[in-house]
Amino acid sequence: MSEIAPIDQLPGGLESGLEAVLMVADSPVSSARLAQIFDVPAARVAAALEKLATEYDSKDRPRGFELRRVASGWRFYSRADYADFVSSYVLDGQTARLSQAALETLAVIAYRQPVSRGRISAIRGVNVDSVVRTLLTRGLITEYPEMGDGGATLYQTTEYFLERLGLGSLDELPALSPYLPGVADLESLDSATYDD
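Along each chain, the written sequence defines residue order, and numbers are assigned to residues from 1. Restriction of local features to residues with pLDDT of at least 70 applies here, the model being predicted, together with a cutoff of 80 or more for giving and counting side-chain atom pairs; totals for whole chains, interfaces and linings are based on all residues. Values reported for side chains reflect all heavy atoms of the structure, with hydrogen atoms and water molecules removed beforehand.

(A) Molecular detail of a nonpolar patch on the surface. Only residues above 30% relative accessible area that lack a salt bridge enter a patch, with like-charged residues linked at up to 9 Å and the nonpolar side chains Val, Leu, Ile, Met, Phe, Trp and Tyr linked at up to 5 Å. For every accessible area listed, the method is Shrake-Rupley and the probe measures 1.4 Å; residues are considered covered only by the protein chains on display. A pair is scored as a salt bridge if a Lys or Arg side-chain nitrogen falls within 4 Å of a carboxyl oxygen belonging to Asp or Glu. On the surface, a cluster of nonpolar side chains totalling about 550 Å² of accessible area is made up of Tyr82, Phe85, Val86, Tyr89 and Val90. A 1.4 Å probe rolled over the protein chains alone gives each residue an accessible area, and that area as a share of the maximum for its type sets the label: buried under 20%, exposed over 50%, partly exposed in between. Taking relative accessible area as the criterion, valine 86 reaches 33% and is therefore assigned partly exposed.

(B) How the structure looks around the packing of helix H2 (residues 31-38) against helix H3 (residues 42-56). At their nearest, the axes of H2 and H3 sit 8 Å apart, and the two run at 110° to each other. In this view, H2 runs roughly perpendicular relative to H3, as classed from their interaxial angle. The chirality of how H2 crosses H3 is right-handed. Here Ser31, Leu34 and Ala35 of H2 come into contact with H3, specifically with Ala42, Val45 and Leu49. Only the stretch in contact is used when a helix axis is fitted, and all axes are lines through C-alpha atoms; the angle between N-to-C directions ranges over 0 to 180 degrees. Going along the chain from the N terminus, every DSSP run of H or I of four or more residues is numbered as a helix, and every run of E of two or more is numbered as a strand. We call two directions roughly parallel when the angle between them is under 35 degrees, roughly antiparallel when it is over 145, roughly perpendicular when it lies between 65 and 115, and oblique otherwise. Each crossing gets its hand from how the near helix is turned against the far one by less than a right angle, where anticlockwise is left-handed and clockwise is right-handed. Should any heavy atoms of two residues lie within 4.5 Å, those residues are counted as being in contact.

(C) Spotlight on the environment of isoleucine 109. As for its position among the elements, isoleucine 109 is in helix H5 (residues 100-112). Taking the relative accessible area as the measure of exposure, isoleucine 109 reaches 0% and is therefore buried. For the pair isoleucine 109 and tyrosine 155, spaced 46 residues apart in sequence, the C-alpha separation works out to 6.9 Å. Setting aside residues no more than four positions away along its own chain, isoleucine 109 makes contact with Val115, Ile120, Leu135, Ile141, Tyr155, Gln156 and Thr157.

(D) Expanded view of the pairing of strand S1 (residues 65-70). Looking at chain direction, S1 and strand S2 (residues 73-78) are connected through six bridges and run antiparallel. When the sheet's bridge partners are listed, arginine 69 is paired in S2 with tryptophan 74. Counting the residues in the hairpin turn of S1 and S2 gives two residues. Being paired, for any two strands, means DSSP has found at least two bridges between them.

(E) Examining the packing of H5 against helix H6 (residues 117-124) more closely. Relative to each other, H5 and H6 sit at 120°, their axes nearing to 10 Å. Classified by the angle between their axes, H5 and H6 sit oblique to one another. Viewed along their axes, H5 and H6 form a crossing whose handedness is right-handed. Judged by residue contacts, Ala101, Glu104, Thr105, Val108, Ile109 and Arg112 of H5 engage Arg119, Ile120, Ile123 and Arg124 from H6. Across the contact of H5 with H6, the residue classes tally to five nonpolar, one polar and four charged. Classification convention: Asp, Glu, Lys, Arg as charged; Ala, Val, Leu, Ile, Met, Phe, Trp, Tyr, Cys, Pro as nonpolar; all other residues, Gly among them, as polar.

(F) Expanded view of the side chain of threonine 158. Within the element layout of this structure, threonine 158 appears in the loop between strand S5 (154-157) and helix H8 (159-165). On the accessibility criterion, threonine 158 (16% relative accessible area) is buried.

Okay, structure coming up:
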C-alpha cells in the first residue's frame, strides 16, 4: 500500500498545491522541481499540470490567465487577449508619484552611488528595505555589478532614472553644496548650542 503524500491531505490536493506555488513563482518552475516540492512522482505532476492548463483553456469558462509550459518549466501568464488592459494597469502603476521617503532614498542613491542599503539607512536614519524594493520595481535603480564591503549589494540609478529626470548623465545632477550649511553657518550653530 502506497503512502499518502501530505499534499493529498489538503483541500484541492496536488492541483491546488501546484496553483499555490506557481502563483508566487516569478520564473518558470520545472516539473521535476515541483515533484520534489510536493514529494510526488514527476509523472503525476506533469499530468496534473496538463489537466490544469486544459481546464484554464476551457471554452465554457475562459480565464484571463493561462498555465504555459516554456523551455525551463511551467508558469502562469496573463492571456494575450487582455494585453492592452494589463499594459494599462502596469503603466498606471509606473506613473504613480513617489512618496517623500522614496524621493529621499532615490536622492541618496543618485548622489552616493554605488551605495549599500545599510549606508542608505544610516544616512536617512530609517529602514529603507521596502522603499528600495519599490525603486527597483519601478526601474529607477538597479543592483551594481560588483559587491560592496562584506558582500553587501550595492545600488545605482538606471538609464530610466536619467530619462525621467531629463538628464543626459549623472554629471547633470544639481550640485548639493548650495543646499548645505557653510562652515560659518556650522560655527554659528555650534556656538549657539554652547551658549544655551
